[in-house]
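Listed below are the residues making up each chain.
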Amino acid sequence: MNQEEDQARQAGLPGCYRHPGVHTGIRCVRCERPICPECMISASVGFQCPDCVRSGSGTGHARTANQPRTLAGGVLAAGDPQLLTKILIGINVAVFLVQQTVGVRFEDAFFLLGRAGIPGFDGVQGVAEGQWYRLLTSMFLHGGIAHIAFNMLSLWWLGGPLEAALGRARYLALYFVSGLAGGALTYLLAASNEPSLGASGAIFGLFGAMAVLMRRMKYDMRPVIGLLVVNLIITFAWSGIAWQAHVGGLVAGVLVGVGMVHAPAERRGPVQWGTCALVLAVSVVIVLIRTAQLT
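This report concerns the structure included in the present document. (Residues numbered from 1 in each chain as written. Predicted model: local features only at pLDDT ≥ 70, side-chain atom pairs only at ≥ 80, totals over all residues. Heavy atoms only, no water.)

### A short note on the overall build of the protein chain
Heads up, the condition is: Note on conventions: DSSP H or I runs of at least 4 residues are helices, E runs of at least 2 residues are strands, and numbering of each starts at the N terminus. The classification of residues rests on relative accessible area computed with a 1.4 Å probe and restricted to protein chains. Under 20% of the type maximum is buried, over 50% is exposed, and intermediate values are partly exposed.
Helices and strands together make up the secondary structure of the protein chain, namely 11 helices and four strands. A buried classification covers 46% of the 295 residues belonging to the protein chain.

### Let's talk about unusual backbone geometry
Where the residue is not glycine, phi is negative for most of them; where a peptide bond is considered, it is trans in most cases. Positive phi, normally seen in glycine, also occurs at Glu32, with a value near 65 degrees. The exposed category is assigned to Glu32, whose relative accessible area is 56%.

### Description of the packing of aromatic side chains
Aromatic ring pairs are defined here through the distance separating the ring centres and the angle between the ring planes. Where we set the bar: Two rings from Phe, Tyr or Trp (for Trp, the six-membered ring) form a pair when their centres are within 6.5 Å of each other. A pair whose planes differ by under 30 degrees is stacked, one over 60 is edge-to-face, and the rest are tilted. Ring-over charges, as used throughout, are those where CZ of Arg or NZ of Lys falls within 6 Å of the ring centre and within 35 degrees of the ring normal.
Summed over all chains, the structure comprises five aromatic pairs. Plain terms: the ring middles of Phe106 and Phe110 are 5.2 Å apart, the flat faces sit at 55 degrees to each other, and that makes the pair tilted. With Phe106 and Phe110 both in helix H4 (residues 104-110) and four residues apart, this pair spans about one turn of that helix. Taken together, the aromatic side chains of Phe106, Phe110 and Tyr133 make up a single cluster linked through ring pairs. Cation over ring: Arg33 sits above Tyr17, and NZ or CZ is 4.1 Å from the ring centre. Here the guanidinium or amino end of Arg105 rests over the ring plane of Phe121, the centre of that ring lying 4.4 Å away.

### Regarding the environment of Thr137
Mapping Thr137 onto the fold places it in helix H5 (residues 134-137). Taking relative accessible area as the criterion, Thr137 reaches 22% and is therefore assigned partly exposed. Each C-alpha atom, one on Thr137 and one on Leu197, is 8.5 Å from the other, the two residues being 60 residues apart in sequence.

### Quick notes on the pattern of salt bridges
Side chains that carry opposite charge are capable of pairing whenever their charged atoms lie near each other. Operational definition: Salt bridge, as applied in this entry: a Lys or Arg side-chain nitrogen positioned within 4 Å of an Asp or Glu carboxyl oxygen.
Counted by the stated rule, this structure contains four salt bridges. Here Glu129 and Arg115 are joined by a salt bridge, their closest N and O atoms 2.5 Å apart. Here Arg115 lies in the loop between H4 and strand E3 (116-117) and Glu129 lies in the loop between strand E4 (124-125) and H5, a separation of 14 residues in the sequence. Judged by relative accessible area, which is 34%, Arg115 ranks as partly exposed.

### Considerations on the environment of Tyr17
Inclusion rule: In what follows, residue pairs with any heavy atoms lying within 4.5 Å of each other are defined as contacts. We call two N or O atoms a polar contact when they sit within 3.5 Å, provided that within protein one can donate a hydrogen and the other can accept it, with sequence-adjacent residues counted only if both atoms are side-chain atoms.
Mapped onto the fold, Tyr17 is located in the loop between helix H1 (3-10) and strand E1 (41-42). Distance in space between the C-alpha atoms of Tyr17 and Pro34 is 5.9 Å, their sequence separation being 17 residues. Among all residues touching Tyr17, those that are not within four sequence positions of it are Arg33, Pro34, Ile35, Cys49, Pro50 and Asp51. Side-chain polar atoms of Tyr17 contact the side chain of Asp51, separated by 3.2 Å.

### Quick notes on the side chain of Arg134
The topology assignment puts Arg134 in helix H5. At a separation of 2.7 Å, a polar atom in the side chain of Arg134 contacts the main-chain carbonyl oxygen of Phe111. Setting aside residues up to four positions removed in sequence, Arg134 forms contacts with Asp108, Ala109, Phe110, Phe111, Leu112, Leu113, Ile118, Gln125, Gly126 and Val127.

### Some thoughts on helix H6 (residues 145-166)
Each full turn of the α-helix corresponds to 3.6 residues, which orients residues three or four apart in the same direction. To keep things clear, this is the line we draw: How far a helix is expected to stretch is found by multiplying one less than its residue total by 1.5 Å. What the bend at a residue measures is the angle between two axes, fitted to the seven residues ending there and to the seven starting there.
Relative to the 32 Å expected for 22 residues at 1.5 Å per residue, H6 spans 30 Å between its end C-alpha atoms, a close match to the ideal helical length. When the local axis directions of H6 are compared, the greatest deviation, roughly 35 degrees, occurs at Gly159, which is followed within four positions by the proline Pro161. Gly167 sits one or two residues past H6 and shows a positive phi near 95 degrees.

See the structure below:
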């Protein structure tokens, strides 16, 4: 429980009707049930809860206008609020098991590589040789049990709140844009024959977006900032870690996070998706520049 929630509890504020552990002073203007920031949906006057919005406003608006929305304007999905996070973890674990079963040849075929020969493969391999898929596939490979365990714990801790706050489509865009940005910076700055793999670029993107979200919600940022600082220290203190992926993912996550949670309501969609497109476009330009240098 953060400091603000503890103060709210001590002040005798009720818990949100959907999240009882989150104490709040805001109530739905229609049913007067207490609602936390995650459940607040802007109305013409005040805020409404998701249930009242689902039941219809009675104003003659289109049905889509009554759909409950997340903080970032995404449709509040029914069912498991951490569905995509669990799917991403499942994919990473499944790919890791394939790695352990098939062996090093599987990694060699899909890790991030600029341009180099690989024993057992014909010709020169790498992104510079047109194997752009390595920028994506490398995001689901890991170098050992400790590597995947740390990344998946971070994904579980960060992914759930972000998925709930942004909505599934925006959350997925954040994850992949951050991961690809981290891969692009690694491709640009790392030695062309130095392999790289891991979900760290995407994870650091989630760190960046989480910091932006917590600042937007005026939550105590010390836990996420402290964890981020520890991760950055590890990034630069230990050899063999692709710091480029971490930095690239972090910067992309902050930029996308700002676009997601600070977009003005009247232009929310264009600003949010435009920010994602801009970061992705910069990543593509970086890849093109490095490819020109290596070929």
